[in-house]
Amino acid sequence: MKLGVSTYSYWHFKPERVPIEHVIEEAARLELDGIEILHQQMASEANPYLQKLKRLAFINGLDLYALSIHQGFVSPDAATRQKNINHTIHCIRLAHELGIPSIRLNSGRWGTVPSFNELMKSEGQEPTLPGHTEDEAFEWVIASIEKCLPDAEKCGVVLGLENHWGLTCTPEGVNRIVSAIDSEWLKVIMDCGNFLSDPYQKLEQIADEAVLVHAKTYYGEGEWYTLDLDYAKIGKILKEVGFQGYVSIEFEGKADAHVGVPQSVEMLRDAL
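The model shown is predicted, which means the values in this text are computed figures rather than measured ones. (Residues numbered from 1 in each chain as written. Predicted model: local features only at pLDDT ≥ 70, side-chain atom pairs only at ≥ 80, totals over all residues. Heavy atoms only, no water.)

What follows covers the pairing of strand E3 (residues 63-68). Of all six residues in E3, five are buried; the element is thus mostly enclosed. A crossover connection joins strand E2 (residues 34-38) to the parallel E3 through helix H2 (residues 47-59); in handedness this β-α-β unit is right-handed. Taken together, the two bridges between E3 and strand E4 (residues 102-105) define a ladder with parallel strand orientation. Among the inter-strand pairings, Leu 67 is bridged to a residue of E4, identified as Ile 103. Between the parallel elements E3 and E4, the chain passes through helix H3 (residues 78-98) in a crossover that is right-handed. (Buried < 20%, exposed > 50% of the residue type's maximum accessible area, 1.4 Å probe, protein only. Helix = DSSP H or I, 4+ residues; strand = E, 2+ residues; numbered from the N terminus. Right-handed = clockwise from strand over helix to strand, strands pointing away. Pairing = 2+ DSSP bridges.)

Another point: the layout of surface pockets. In this structure, the largest pocket encloses a volume near 510 Å³. As for the largest pocket, its lining consists of 23 residues, of which Phe 13, His 70, Phe 116, His 164 and Trp 165 are closest to the centre. Residue composition of the lining of the largest pocket, grouped by class: eight nonpolar, eight polar and seven charged. (1 Å grid on protein atoms, 1.4 Å probe; cavity = no way out; pocket = protein on both sides within 12 Å on 5 of 7 lines; lining within 4 Å. Points joined across faces, edges and corners; volume = space filled by probe spheres on them. Nonpolar A, V, L, I, M, F, W, Y, C, P; charged D, E, K, R; others polar.)

We now examine the packing of helix H5 (residues 134-155) against helix H6 (residues 171-181). Following both chains from N to C, one finds H5 and H6 inclined at 50°, their axes separated by 10 Å at the closest point. As judged from the angle between their axes, H5 and H6 are oblique. Here H5 runs over H6; the crossing is right-handed. Here Asp 135, Phe 138, Val 141, Ile 142, Ile 145, Glu 146 and Leu 149 of H5 come into contact with H6, specifically with Gly 173, Arg 176, Ile 177, Ala 180 and Ile 181. Among the residues making up the contact of H5 with H6, the classes are represented as eight nonpolar, one polar and three charged. (Axes fitted to C-alpha atoms, helices over the stretch in contact; angles between N-to-C directions. Parallel < 35°, antiparallel > 145°, perpendicular 65-115°, else oblique. Left-handed = near helix turned anticlockwise from the far one by under 90°. Contact = heavy atoms within 4.5 Å.)

Listed below in structure tokens is the structure:
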């Protein structure tokens with residue numbers, strides 16, 4: 001396994017954006033193997049900026065291994081779904097320009113629980129929109145992802161469906177989508193902090209399809225919630241399925257990232 005860090009670890013959507021260049025330099029100082037770029041953290045999509053990031057990572061001996069993007073396909077409105085399909089295809093091409101071999105996919109959610117704190121109390125699950133069913137939502141998501149696959153294959157970018165909120169907040173939801181599509185270009189990003197109860201049993205159910213792992217850490221207590229995760233146990237789950245990819249640190253604590261990320265690196269190196 002290789003160890004990297006998400007640029008998100010240094011910027012939790014605060015008003016002042018942390019430059020990705022700074023995260024690259026910090027990752028090199030910590031002797032990590034690579035970084036994952038959060039799309040919303042990018043200062044630009046202009047080609048000179050993209051090539052600057054690629055060059056800076058290369059001269060610091062780092063891979064750019066994932067681009068984490070946001071989209072949602074859970075909508076009864078076909079135009080809304082198409083907008084998110086277009087955004088995903090755009091980001092596939094963006095990843096290709098950066099030399100990045102994977103992007104993070106979200107299924108999306110109904111949006112019927114507007115408060116994030118309330119959503120966490122229900123462990124990411126929410127009621128459907130009136131007049132619609134979960135089966136419909138799964139059909140929308142599957143059809144939308146299928147429309148992104150030709151570009152993913154053409155660009156050599158693996159789509160990693162993350163166990164996130166909404167349809168993918170359960171292992172059954174993740175596996176339902178991945179098995180329905182059955183493509184080598186759609187796999188799973190296993191987020192260790194997104195199953196809020198019985199995490200190990202649930203992680204085991206998606207581990208064999210994982211191509212990337214998000215290792216959430218919470219030094220200084222979490223920004224939104226805190227989990228006490230046993231990464232030695234998670235490492236054993238990954239080894240049992242032969243996982244050899246990137247473990248990507250998503251530091252989500254309130255401590256300063258320049259303290260919390262090094263603590264995360266030390267802990268994960270010991271555990272894994």
